[in-house]
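An overview of the molecular structure
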Amino acid sequence: MTHRAIAIDGPAASGKSTLARKLAGRLGLIMVNTGEMYRAITWELLRCGVDPGDRAAVVEALAGMDLGCGVRAGRSTVTVDGVDPGPELRSDEVNARVSEVAATPEVRERLVALQRDYLKLGDVVMEGRDIGTVVFPDTPFKIYIDASERVRSARREADGESDSVGRRDQADSSRRTAPLRVATDAAFLDNSDLDAEETLDAALRLLAEKGWKSTDLMER
Ligand code: CDP
């Protein structure tokens, strides 16, 4: 049996992770957070003193990195050379440089292969920037989630993170390789005025319209 993928893409602080976590819980899926993988590489580069803007240096460092992508308690995990960076993944330093690292084609190529491998393990809900456009272009289950920039910045502040959401979005949308954009066949979900439960309900309706079949959805 081939496994199915739900692709969730959207800009920073749009609610991707919250929605993916809730969908995974409700539908019994493996939740895969791809942003953490880009963040883990960024963390390691900074730790080793490699300039994320120096493509040749990034490619060289990447070749020597042992990236481990697994699953624990139904959720993706990431290690670099056996180390889980933990809360460091969301540090201000990583927030400030991750988009540069993510714009490097060699980094994307390596991570996209690891991301596709998750489908061998079961049905997944995967969130990121290019899941519906690049990682799983053939899945019919694509949601592009967004919220107003004001709402997204307020969410980041509430999380206690210093993160220039607008600057990261600009970099992610304008890069040459796999830019953030709405897949032509994605359902668009604006959750500026929705709480997490309402967002989940809206997503479940969109997935049902796209033909997602599971006992849970059929009961609704
Ligand atoms: O959670 P938040 O929206 O702040 O970011 P994230 O999902 O953790 O992603 C961090 C950064 O990784 C993004 O700003 C992108 O530069 C990059 N990224 C990407 O390029 N492609 C993905 N599939 C996921 C993340």
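Residues numbered from 1 in each chain as written. Predicted model: local features only at pLDDT ≥ 70, side-chain atom pairs only at ≥ 80, totals over all residues. Heavy atoms only, no water.

Once that is clear, we can look at the site of the ligand. In the vicinity of the ligand lie 20 residues, with Arg39, Arg108, Arg156, Arg168 and Asp172 positioned nearest. Side-chain polar atom of Thr34 to a nitrogen atom of the ligand: 3.0 Å apart, as the coordinates give it. Here an oxygen atom of the ligand sits 3.3 Å away from a polar atom, N or O, in the side chain of Arg90. Protein chains bury 98% of the 530 Å² of accessible surface belonging to the ligand in isolation. Elements supplying a minimum of two residues to the shell around the ligand: α2 (35-47), α4 (92-102) and α8 (165-174). Split by residue class, the shell around the ligand holds six nonpolar, four polar and 10 charged. (Near = heavy atom within 4 Å. Polar contact = N/O pair within 3.5 Å; in protein donor to acceptor, adjacent residues only side chain to side chain. Areas by Shrake-Rupley, 256 points an atom, 1.4 Å probe, with all protein chains shown as cover. Helix = DSSP H or I, 4+ residues; strand = E, 2+ residues; numbered from the N terminus. Nonpolar A, V, L, I, M, F, W, Y, C, P; charged D, E, K, R; others polar.)

A few words on the packing of aromatic side chains. Describing an aromatic ring pair means giving the distance of the ring centres and the angle of the ring planes. Applying the stated criterion to the full structure yields two aromatic pairs. Note on Phe141 and Trp212: the rings are 4.9 Å apart at their centroids and 80° apart in plane angle, and the pair reads as edge-to-face. On the criterion of sequence distance, the pair formed by Phe141 in the loop between α6 (131-135) and β6 (142-146) and Trp212 in the loop between α9 (196-209) and α10 (215-219) is long-range, its members being 71 residues apart. With respect to class, Phe141 is no different from Trp212; both count as buried. With centroids separated by 5.7 Å and ring planes inclined at 15°, the aromatic side chains of Tyr144 and Phe188 adopt a geometry described as stacked. Residue Tyr144 is found in strand β6, and its partner Phe188 is found in strand β7 (residues 187-190); the two are separated by 44 residues along the sequence. Among the residues examined, Tyr144 registers a relative accessible area of 7% and is labelled buried. Sitting above the plane of the Trp212 ring, Arg4 keeps its charged end 3.9 Å from the centroid. (Phe/Tyr/Trp six-rings, centres within 6.5 Å; stacked < 30°, edge-to-face > 60°. Buried < 20%, exposed > 50% of the residue type's maximum accessible area, 1.4 Å probe, protein only. Lys NZ or Arg CZ within 6 Å of the ring centre and 35° of its normal.)

Pairing geometry for strand β3 (residues 67-72) and strand β4 (residues 75-80), over six bridges, is antiparallel. Across the sheet, the residue bridging to Cys69 is Val78, located in β4. With antiparallel pairing between neighbouring strands as the criterion, β3 and β4 make up a hairpin whose turn holds two residues, including Ala73 at a positive phi of roughly 50°. (Pairing = 2+ DSSP bridges.)

This next bit is on the nonpolar core. Ranked by size, the top nonpolar core spans 31 residues in total, and within it Ile41 and Val107 carry the most contacts. Sort the elements by how many residues they give to this core and α2 lands first, with six residues. Those residues within four positions of Ile41 in sequence are excluded, and the remaining contacts are Leu62, Met65, Leu67, Val101, Val107 and Leu111. Counting residues in each nonpolar core, the second largest holds 22 residues, with Leu23, Leu27, Leu29 and Leu204 among its members. (Core = buried A, V, L, I, M, F, W, Y, C linked by side-chain atoms within 4.5 Å. Contact = heavy atoms within 4.5 Å.)

This part covers the environment of Glu44. Along the polypeptide, Glu44 turns up in helix α2. A relative accessible area of 4% places Glu44 in the buried class. Linking Glu44 and Asp81, residues 37 residues apart in sequence, is a C-alpha distance of 9.2 Å. In this structure Glu44 touches Met65, Val80 and Asp81, once residues within four positions along its chain are discounted.

It is worth spelling out the pairing of strand β1 (residues 5-9) at this point. Strand residues, when the strand is regular, have side chains that alternate between the two faces of the sheet. Among the five residues of β1, five are classified as buried, and the element is accordingly described as predominantly covered. The alternating pattern of β1 places Ala5, Ala7 and Asp9 and Ile6 and Ile8 on opposite faces, both of which are buried. Where β1 meets strand β5 (residues 124-128), five bridges bridge the pair, whose relative direction is parallel. Bridging across to β5, Asp9 finds its partner in Gly128. Summarising the sheet, β1 and β6 pair through three bridges and their orientation is parallel. Bridge pairing in β6 places Asp9 opposite Tyr144.

Looking now at unusual backbone geometry. The phi dihedral of Ala13 falls on the positive side, at around 60°, and the residue is not glycine. In this fold, Ala13 is placed in the loop between β1 and α1 (16-27). Overall, the relative accessible area of 10% leaves Ala13 in the buried class. With phi around 50°, Ala73 is a residue other than glycine that occupies positive phi space. On the basis of relative accessibility, which here comes to 85%, the residue Ala73 falls in the exposed class.

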